[in-house]
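Observations on the model geometry
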Amino acid sequence: MSENQLTNNAIIYALLSLNSEIILQKEYLESDDVPEEDIDNEQDILDDLEQAFMEFVDVYKGRCKTDKSLPGLDELLNNQL
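Predicted model, so just to flag it, every value in this text is computed and none were measured.

Some remarks on the overall build of the protein
Secondary structure assignment for the protein yields 3 helices and 0 strands. Ordered by position from the N terminus, the helices and strands of the protein form the series α-α-α. A compact globule built from 81 residues should have a C-alpha radius of gyration of about 12 Å, whereas the protein, at 15 Å, is more than 25% larger. On the principal axes, the C-alpha backbone points of the protein span a range of 45 × 30 × 15 Å.

Put into structure tokens, the structure is as follows:
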């Protein structure tokens, strides 16, 4: 699916979901629940989540430039739903 086919709502949901998953993954990595042999794999998962998040951030910033009705990124990520 190309960037132009993504709706604003789809991008917003992706950002919010990825942000939540990043928080959960960081908490998991900081816990004592991760087996020693899985730490590298779990860190790779976090890195992938962060990369995906940043790619959606770039898309969202572009949308914000053309659609002034969208909330800013900080507002979007810091407001309670």
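That covers the picture; the talk isn't over yet.
A short note on the side chain of Q25
Tracing the sequence through the fold places Q25 in helix 1 (residues 8-30). Residues in contact with Q25, not counting those within four places in the same chain, are E42, I45, L46 and L49.

Brief notes about the packing of helix 1 against helix 2 (residues 39-66)
Remark: helix 1 packs on helix 2, axes separated minimally by 9 Å, with the N-to-C direction vectors making an angle of 155°. With respect to helix 2, the axis of helix 1 lies roughly antiparallel. The handedness of the crossing between helix 1 and helix 2 comes out as left-handed.

Observations concerning the nonpolar core
In terms of nonpolar packing, the biggest core is built from 16 residues, with I12, L15, F53, Y60 and L76 touching the most fellow members. At the level of elements, helix 1, helix 2 and helix 3 (73-78) are the ones that each hand at least two residues to this core. For this core, the element with the most residues is helix 2, which contributes 7 residues. Leave out the neighbours within four places in its chain, and I12 touches Y60, L70 and L76.

Regarding the environment of I45
In this structure, I45 sits in helix 2. The class for I45 is partly exposed, based on a relative accessible area of 33%. Placed 23 residues apart in sequence, I45 and I22 show a C-alpha to C-alpha distance of 9.2 Å.

Examining the environment of V59
Relative to the elements of secondary structure, V59 occurs in helix 2. For the pair formed by V59 and P71, sequence separation is 12 residues and the distance between their alpha carbons is 14 Å.

Remarks on helix 1
In an α-helix, one turn spans 3.6 residues; hence positions three or four apart end up facing the same way. For helix 1, built from 23 residues, the straight-helix expectation of 33 Å at 1.5 Å per residue is met to within 8% by its first-to-last C-alpha distance of 33 Å. The set of residues buried in helix 1 consists of I11, I12, A14, L15, L16, L18, I22 and Q25. Looking at the buried residues of helix 1, the elements they touch are helix 2 and helix 3.

Remarks on helix 2
The terminal C-alpha atoms of helix 2 lie 41 Å apart, and with 28 residues this matches the ideal 40 Å at 1.5 Å per residue to within 8%. Contacts made by the buried residues of helix 2 are with helix 1 and helix 3.

Basis of the calculations
- Numbers given to residues run from 1 along each chain, matching the order in which its sequence is written.
- Per-residue local features are limited, in this predicted model, to residues with pLDDT of at least 70; the limit for side-chain atom pairs, both in listing and counting, is 80 or more; totals at the level of whole chains, interfaces and linings are taken over all residues.
- Think of the side-chain values as coming from all heavy atoms in the structure, minus any hydrogens and water.
- Secondary structure follows DSSP: runs of H or I at least 4 residues long count as helices, runs of E at least 2 residues long count as strands, and numbering of each begins at the N terminus.
- Between the two quantities, the radius of gyration covers C-alpha atoms and the globule rule is 2.2 Å times the number of residues to the power 0.38.
- Residues count as neighbours in contact if any of their non-hydrogen atoms are within 4.5 Å of one another.
- Interaxial angles span 0 to 180 degrees and are taken between N-to-C directions of axes, which are lines fitted to C-alpha atoms, for helices over the stretch in contact.
- Any angle that is under 35 degrees is reported as roughly parallel, and any over 145 degrees as roughly antiparallel; angles of 65 to 115 degrees are reported as roughly perpendicular and all others as oblique.
- Throughout, a crossing is termed right-handed when the near helix is turned clockwise from the far one, and left-handed when it is turned anticlockwise from it by less than a right angle.
- Put simply, a nonpolar core is a bunch of buried Ala, Val, Leu, Ile, Met, Phe, Trp, Tyr and Cys residues held in one set by side-chain atoms that sit within 4.5 Å of each other.
- Only protein chains enter the calculation, and the probe is 1.4 Å; a residue is then buried if its accessible area is under 20% of its type maximum, exposed if over 50%, and partly exposed in between.
- Here, expected helix span is obtained from the residue count minus one, scaled by 1.5 Å.

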